[in-house]
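# Chains, contacts and geometry: an overview
One letter stands for each residue in the lines below.
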Amino acid sequence: MARIVVDVMPKPEILDPQGKAIANELPRIGLSGFTEVRQGRRFELTVEGEADEQVLAQAREAADKLLSNPVIEDVVNVSVAPEED
């Protein structure tokens, strides 16, 4: 079985209140140097067999049509996850 990872992020022009809250909290817990945080979503799709180009194309279509809202989000990654040992 193969696992495909789809990462979705808010478009740059969209406000990200969760990311802002995280960025504000980092210095309070002693972590400095981060200037911005954007929070996104990750999906993992498991398929039987190999994740060939046809399967990746279907995952991209699912990402565009179902997993993301194209008005406010970008699909930033569709890739095969490394096999776990």
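Residues numbered from 1 in each chain as written. Predicted model: local features only at pLDDT ≥ 70, side-chain atom pairs only at ≥ 80, totals over all residues. Heavy atoms only, no water.

Threshold: UniProt positions are given in the numbering used here, feature names are shortened, and annotations may be inferred rather than shown by experiment.
An unreviewed UniProt entry lists the protein chain under the name Phosphoribosylformylglycinamidine synthase subunit PurS, from Kocuria marina subsp. indica. According to its UniProt record, the protein chain has this under Sequence similarities (unreviewed entry): "Belongs to the PurS family."

### A short note on the sheet that holds strand β3 (residues 73–80)
Rules: Note on pairing: two strands pair once DSSP finds at least 2 bridges between them. In this description a helix means any DSSP run of H or I spanning at least four residues, a strand means any run of E spanning at least two, and both kinds are numbered starting from the N terminus. Note on geometry: axes are C-alpha line fits, over the in-contact stretch for helices, and angles between N-to-C directions span 0 to 180 degrees. Here a residue-residue contact requires only that any non-hydrogen atoms of the pair lie within 4.5 Å.
If you trace the three strands from one edge of the open sheet to the other, you get β2-β1-β3, paired in antiparallel fashion. Taken across any chain shown, the strands that pair with only one partner, and hence form the sheet edges, are β2 (41–47) and β3. Each strand of the sheet is rotated relative to its neighbour by a mean of 20 degrees, with strand direction disregarded. The pairing of strand β1 (residues 2–10) with β2 spans seven bridges and is antiparallel. Looking at β2, one finds that A2 is bridged to V47. Lying over the sheet, helix α2 (residues 53–67) contacts β1, β2 and β3, oriented at roughly 155 degrees with respect to β3.

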